[in-house]
Each structure stands twice: as C-alpha cells, then as structure tokens.
Amino acid sequence: MEDRARAAAHASRAKSSDSDAIQRNYLTPGLAGEPIATIDNSQTFNPNIACQKTATLLELLAQPSSAGDIGSLSIARDKNLDGTFDESLTVPVPVSGVCVNGIISCQPGSWNQCRPFQWALTDSGNLKLSEVDLTALSGCYCVNNSCGANLVWGNMSAILKDLGGGVIGALTTADPRIGVAQAMIDGPVIHYTGAQTTACTANPSVTATSYRANPTAITGDADAAAQASSVFQALAGSAAGSGKAEESRSCTITREIMVKSWDYDDIIAVRGSIASITSCGTGCRRYQIRGAGSCSSSPPIYSATFDPIAPARIVSSRIVEMGADDWVQARVNGQIVGYAGKRPWLTEALPSGDCRISDDPWYNRSAIDILPQLKAGTTIVGARVRGGGGGNWGYVTVEIQVDTACEVSEQLMDLCAGYAADPACRLDSESVDSVVTFRNGVNTGLKPLPQTRLFGSGNCTVQYSRDFFERDRRYKCAVDLGGATEPDLSRGAYIIDHSTETMLADRTLASDGTVTTTTRPFALPDRGSVPACEPICKTRAPKANSEVAIDGVVGAKQNDPAGWDIFYHACTGDKQCPTGPSEEIVSACGCLDDFPEAVAMMQTVRLAGADLVCTSAAQ
C-alpha cells in the first residue's frame, strides 16, 4: 500500500509539481484542444474549452539601442483569433524603463525628462499607450545605460516577459474572454499562444465580469437567482437547510482621492486665421486674427474657431482690441459686434468714406464680452477688413482666461454597508491602516493616528490629512438553517473512551433496539521513517538596483547601487543545490528556517508605511 501511495504521489508531482508542469500538461493542451492524460497516463480525453484558437495571439519584438534603451519595440496582434495578424503597433518613444503594466520613456541613455505610459486599449479595441502618473504603474525598473551597461541584452528574457505580461494584462482586462496558453521566447521576440475562453460570444463585455467593477451587486443578483431557482428552494426547504450556522465575510472601506492636472490646451482648442498668440498671464492667452483688406464690395473675412473642451473652466473670454487701416469689423458667430474705423461700420453694407488712404490707423479698445457664446459651444470670431493703398490691414484680438488649477475629488468606497446594516451580522475584526482596532469581536482600544499622504504628481501634488484611508473588516453573519437534527456521536465516543493501542472496542445498535458491544485486537502498520523536512538551499545572484520610484532610480540614491536577488531551491535526491546562472550558495541543503528574517522584513515594511510620512507640519 505504501509503495502504491508513493508511486501515485510521484506521478502526481511529475505532472503538477510547478507552474511549468501544469501549463505543459494541462493548460496548453486544454486551450489548444489537444489530448490531456490522467495522472497515470492510462486514459486520455480531448477537452473543448476554447471557442476560437490562434497559433500566435501576440508577438513582441524588442531591440535595444546604443544608449541602452529599447529603441525599437514592435507588437503584432491577432485581434479576431483567425490565425492572421491584423493589428500592428510600433511604440513611438524609446523605452528606458519597464513596468508590470506599462513603460517609462526618458531622454535616451539617461533618466531625465521621463514620461510614464500605461498599456491600454482604445474604444475600437486597439492597443495604445496612455500617459499617466508614475503612481499608476507598478514594479518599474530602469534598463538604459544610466543604470548599467548592456541591461537589455543581459536580461532579455525577463524584460520580454514583463513587457508581454503588461500587454496581455491590458488585453485580458478589456476582454476577459481571452486566455493565454503559452509564451515562447526566441531571441529578442516573445510569442503568445492564445484562445477565446470564458464565454463563446462576440461581445467582449462578459456579464459575469461586471461584478469586478461592482462587487456589492452580486448579493442582490444572487438572491434574485435563488428565488427563481427551484433547485435552490428545494434545498432551502430540506432538512439540511434548517438549523443555524455562522459565516465569515470580509469587506473594505477605502478612501479614494483622485488628483487631475489641467493644461491650457486641455480646456480650449483654437484653429483658423491666427496671426499671433501671446501670453497675458497665468492661464491667459491673446489671439490676434489679422489679414489684408479690400475696398471692393466684398471685403474678406478672416475667421478663427474656438472649441471649448472644458467650458466650466473658462473664466473669461473678450474681444479686447480692434485695429485697422482703414476699417475692421468684428463678428461672433456671424453677428456684427464691433468695429474700428473713422466712422461706424455695424451693418453688412460698406461704410461711407474713403478707402486706399494712408492715414493714422484706427483702434477700438472697448472690451466686448463673448463668454456666454464660448461656454455654449464652438464659437467663430471673424475680422472683416476693408482697406487699400498705403494702409491695408485690420485685426481683432481675443483674450481668453482659463482656470488651470488642479482638480481634486474624494470618494469613500464602502463595501461593508450591507453587512453593517444586516442585524444577523456582527463585526468580528477590523484593521484601520494596519492598526488592529477589533479582534474576535472585542475592541482592542487601539486607534490609528491621523495620517498625511501625498496624492498626484508634479505641479499637482496635494497633501491630505485624514483620520483613516482604509478599513479592513470581517463580519460574522448568522445563517438560519432551522432545526436540523443533531448527529448521534455516542458510538464514536464509546470507541474513543474504551479502545486502547492494541484493542478496538465498539458498540452497535440493531434495528430492534438491541445494543451489542464487541472487542478485537488491532495494530497500526509500521509507518516507517520520514525526513524531518524537505531539504532546501538558499542562493543569491548579483543584480543592479534599477527599480524606479517617483524620486528616480533607487540605485542612484544608494552608496552601492549593486544588490542581490535571493532564491530558494528544493535540493535533489543526492542533496545537491540546483543553482541557476550567476547564483552562489548562501546556505547549503538542509532544514532551513528563515522565518525570523521574513518576519523582520515584513515588520520593517509595515512600520515604514505607518511612520515614514513626509509632512511640513509638526507632529
């Protein structure tokens, strides 16, 4: 029996001992529709869990430049899984840093003028890079010459996996039907084999994934499904559905603070006959609409179009000056609103008076408010110019003032409201910003100090002080199961109380109510000896501290920019440590216990997050 158990365990570990084995034996053939064998290989079957399959879902090619950056990054994708690439993207910027969900582009070979980008999809489903704050990216590290030499070629496999993983993450987030079966690296190229799973539908918005954006909706939907299910109602009314039990349910209350920066061009767009643009202060620009005139019956009109992108942030919009030699007429959306000239010109007819004269120019600096028109929508401002001879010009100057202040929004995401309002639920434990305030239903008396945190980046950095930012709660909720009959444990209690190491006692109850007691000798088989532990070894490999934070590359802030990657390996049968490339053994094979070191590291991170708060106020 022991030999059969060991053989079964060995066969199971051979097919599912690690992620590579699971992918090779189950995931890849499953998505590809190829045969999957049982653990002992005695039977095989062909699964059909993919609606569509493609040999290459995604192909990514990375080529480094002389500055160490990835100078050329090309992506080809099979959007409809028909086996043919139908989308291609060439990243238009050099890649100086790689993140789990994006990239960082800097001045080649340096960590200056850096811009973070996140992988995303357009409304039409095409890949794109969206510029974001660095705080929106995760796991970033530097790859160009400012952090070390030959980092891309020396770590090509890992960099390709991180780049491809970010792209795949964006694809599967936007379309949860996509499944990746295999990733294969060939030099500077990584290939992904994929399939459509989850739902055999042409619509990427799979209904079941809507709970990811709104987790609280699942409670009401589950109740509605239960009320309409005859199977559920039958189980609820059965003996097993009566009685009482208690369930543990976890939830969070999170404070979300979003900071958005505004530039002038984010608020208003201008196009047309603009002769010059000048600044008139913070968030203020003046546009001169200018041109040569004509003394004919149809003097030309020079127009500029002002498109309000964010009308609420437009503070002021005025025509502040008109000038001409000889005449100019200002128009807003075709309506005549002002003029400059020797006599009034407020009609469609030509003004009375000379033309083609060389005299002093005429100016009108009485401001005309056009803010209502601009806030209402696209506004066209025109300058109708009449002139000739030595003086032949006219202009209209428009001044627009906008609000470029940072926009801050705060929202409290309370996912615990349903449990808190349920009289059948009670608060069992709570952690507020890593401080335990409730444990086993009892108030610990601890309260976190108010914290100050920074949000946003660059010129839009906002400091917020709040009494808490995140609450993690667990509720115990009573589930009414009615009055189920308690099981009869008397026979088990008799066996335990009357048996010894060499004698088994039993008591049975016959159908006529007769109780019979018996005893018989028994012995447990020899279990043999087992090792005290699975022998493991600890190794380390040198690495460059190229991780990136808001303040720059981590290695640039350290006295020694070199560091170590720590690895743990299961030893071979002859107690040899299977070291990888560039690894050196720190601790040889044995029963290693690094738990105190791990606890110290986790405690350091926790205390750093709780105490190292940058603030200008005395605490």
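For the structure, check the block above.
Now for a description of the structure that goes with this document. All of these numbers come straight from a predicted model, not from anything done at the bench.

### Thoughts on the sheet that holds strand E8 (residues 115–121)
Argument step 1. Sheet architecture is open: five strands sit in the order E9-E8-E7-E6-E10, paired in antiparallel fashion. For this open sheet the edge positions go to strand E9 (127–131) and strand E10 (141–142), each flanked by a neighbour on one side alone.
Argument step 2. In the sheet, strand E7 (residues 102–105) pairs with E8 via four bridges, with the strands oriented antiparallel. Residue Ser105 lies in a different strand from E8, and its bridge partner there is Arg115.

### As for the packing of aromatic side chains
Argument step 1. What the rule picks out here adds up to six aromatic pairs.
Argument step 2. With 6.2 Å between their ring centres and 90° between their planes, Phe455 and Tyr464 make a pair best called edge-to-face. For the pair Phe455 and Tyr464, a shared accessibility class is recorded, and that class is buried.
Argument step 3. When the ring of Phe455 is compared with that of Phe469, the centres are 5.9 Å apart and the planes differ by 35°; the resulting orientation is tilted. Separated by 14 residues along the polypeptide, Phe455 in strand E29 (residues 451–457) and Phe469 in the loop between strand E30 (460–466) and strand E31 (470–480) bring together distant segments of the chain.
Argument step 4. Judged by relative accessible area, Phe469 falls into the buried class, the value being 2%.
Argument step 5. Taken together, Tyr363, Trp393 and Tyr395 form an aromatic cluster joined through their ring pairs.
Argument step 6. In this structure, Lys260 is placed above the aromatic ring of Trp262, and the distance from its NZ or CZ to the ring centre is 4.8 Å.

### A few points about the pattern of salt bridges
Argument step 1. Considering all chains together, one arrives at 26 salt bridges under this definition.
Argument step 2. For the salt bridge of Arg540 with Glu584, the shortest nitrogen-to-oxygen distance reads 2.9 Å. Separated by 44 residues along the polypeptide, Arg540 in strand E34 (residues 536–544) and Glu584 in strand E38 (residues 584–590) bring together distant segments of the chain.
Argument step 3. With a shortest N-O distance of 2.4 Å, Glu547 and Lys543 are connected by a salt bridge.
Argument step 4. Glu547 gets classed as partly exposed once you look at its relative accessible area, which sits at 29%.
Argument step 5. Looking at Lys543, the relative accessible area reads 22%, which means it is partly exposed.

### A closer look at the layout of surface pockets
Argument step 1. By volume, the largest pocket amounts to about 760 Å³.
Argument step 2. Surrounding the largest pocket, 27 residues form its lining, Pro116, Val132, Asp133, Ser457 and Gly458 being those nearest its centre.
Argument step 3. Among the secondary structure elements, those contributing two or more residues to the lining of the largest pocket are strand E13 (244–260), E29 and strand E35 (548–549).
Argument step 4. Of the residues assigned to the lining of the largest pocket, the class counts are twelve nonpolar, nine polar and six charged.

### Overview of the nonpolar core
Argument step 1. Residues Leu58, Leu73 and Trp119 are the most contacted members of the largest nonpolar core, which totals 32 residues.
Argument step 2. For this core, the secondary-structure elements that each account for two or more residues are strand E3 (52–64), strand E4 (70–77), E8, helix H4 (156–174) and strand E12 (189–196).
Argument step 3. Among the elements that take part in this core, H4 stands out by supplying eight residues, more than any other.
Argument step 4. Excluding residues that lie within four positions of it along the chain, Leu73 makes contacts with Leu60, Leu61, Ala62, Leu89, Thr90, Val91, Val95, Trp119 and Leu163.
Argument step 5. Among the nonpolar cores identified, the runner-up in size contains 28 residues, and Trp262, Val328, Leu374 and Val381 belong to it.

### What about a nonpolar patch on the surface?
Argument step 1. A grouping of Trp564, Ile566 and Tyr568 is seen on the molecular surface, where their side chains present a nonpolar patch of about 320 Å² in accessible area.
Argument step 2. According to the relative accessible area criterion, Tyr568 is partly exposed, its value standing at 43%.

### Remarks on the environment of Ser511
Argument step 1. With respect to the helices and strands, Ser511 occurs in the loop between strand E32 (503–509) and strand E33 (515–521).
Argument step 2. Judged by its relative accessible area of 86%, Ser511 is exposed.
Argument step 3. Between the C-alpha atoms of Ser511 and Gln603, which are 92 residues apart in sequence, the distance is 62 Å.

### Topic: the pairing of E9
Argument step 1. Pairing analysis gives five bridges linking E8 to E9, with the strands arranged antiparallel. Across the sheet, residue Trp119 finds its bridge partner in E9, namely Leu129.
Argument step 2. Taking the residues between adjacent antiparallel strands as the criterion, E8 and E9 are bridged by five residues, where Gly125 takes a positive phi near 90°.

### A few points about the environment of Ser409
Argument step 1. Mapped onto the secondary structure, Ser409 falls in strand E25 (residues 407–414).
Argument step 2. In this structure the C-alpha to C-alpha distance between Ser409 and Met258, which are 151 residues apart in sequence, comes to 5.3 Å.
Argument step 3. With residues near it in sequence (within four places) discarded, Ser409 still touches Glu256, Ile257 and Met258.

### Some words on the state of the cysteines
Argument step 1. By the definition in use, this model includes ten disulfides.
Argument step 2. The disulfide that involves Cys571 links it to Cys589, with 2.0 Å between the sulfurs. Across the disulfide from Cys571 to Cys589, rotation about the S-S bond amounts to roughly -105°, and the bridge is consequently left-handed. Here Cys571 is found in the loop between strand E37 (562–570) and E38, whereas its partner Cys589 is found in strand E38, with 18 residues between them in sequence.
Argument step 3. Of the residues examined, Cys571 reaches a relative accessible area of 13% and is grouped as buried.

Thresholds applied
- Chains are numbered independently. Their residues run from 1 in the order of the written sequence.
- The predicted origin of the model limits local features to residues at a pLDDT of at least 70 and limits the giving and counting of side-chain atom pairs to 80 or more, whereas totals for whole chains, interfaces and linings rest on all residues.
- Note: side-chain values were computed over all heavy atoms of the structure, leaving out hydrogens and water.
- Paired strands, as defined in this entry, are two strands with at least two bridges between them according to DSSP.
- A run of DSSP states H or I qualifies as a helix once it reaches four residues; a run of E qualifies as a strand once it reaches two. Both are numbered from the N-terminal end.
- Only the six-membered ring of Trp is used, alongside the rings of Phe and Tyr, when aromatic pairs are assigned; centres must lie within 6.5 Å, and planes under 30 degrees apart are stacked while those over 60 apart are edge-to-face, with the rest tilted.
- Burial classes follow relative accessibility: with a 1.4 Å probe on protein chains only, a residue under 20% of its type's maximum area counts as buried, one over 50% as exposed, and anything between as partly exposed.
- Two thresholds decide whether a charge sits over a ring: the Lys NZ or Arg CZ must be within 6 Å of the ring centre and within 35 degrees of the ring normal.
- In what follows, salt bridge is the name for a side-chain nitrogen of Lys or Arg lying within 4 Å of a carboxyl oxygen of Asp or Glu.
- Detection works on a 1 Å grid of protein atoms alone, calling trapped sets that fit a 1.4 Å probe cavities and calling open sets with protein on both sides within 12 Å along at least five of seven lines pockets, with lining residues defined by an atom within 4 Å of a point.
- Grid points are joined across faces, edges and corners, and a volume is the space filled by probe spheres set on the points.
- Under the convention adopted here, Pro, Cys and the residues Ala, Val, Leu, Ile, Met, Phe, Trp and Tyr are nonpolar, Asp, Glu, Lys and Arg are charged, and Gly plus all remaining residues are polar.
- As used in this record, nonpolar core signifies buried Ala, Val, Leu, Ile, Met, Phe, Trp, Tyr and Cys residues forming a set joined through side-chain atoms within 4.5 Å.
- Throughout, a residue-residue contact means that at least one pair of heavy atoms, one from each residue, lies within 4.5 Å.
- Each patch is built from salt-bridge-free residues with over 30% relative accessible area, joining like charges within 9 Å and nonpolar side chains (Val, Leu, Ile, Met, Phe, Trp, Tyr) within 5 Å.
- All accessible areas in this document rest on Shrake-Rupley with a 1.4 Å probe, and a residue is counted as covered only by the protein chains that are shown.
- A pair of cysteine sulfur atoms is labelled a disulfide when the two atoms are within 2.5 Å.

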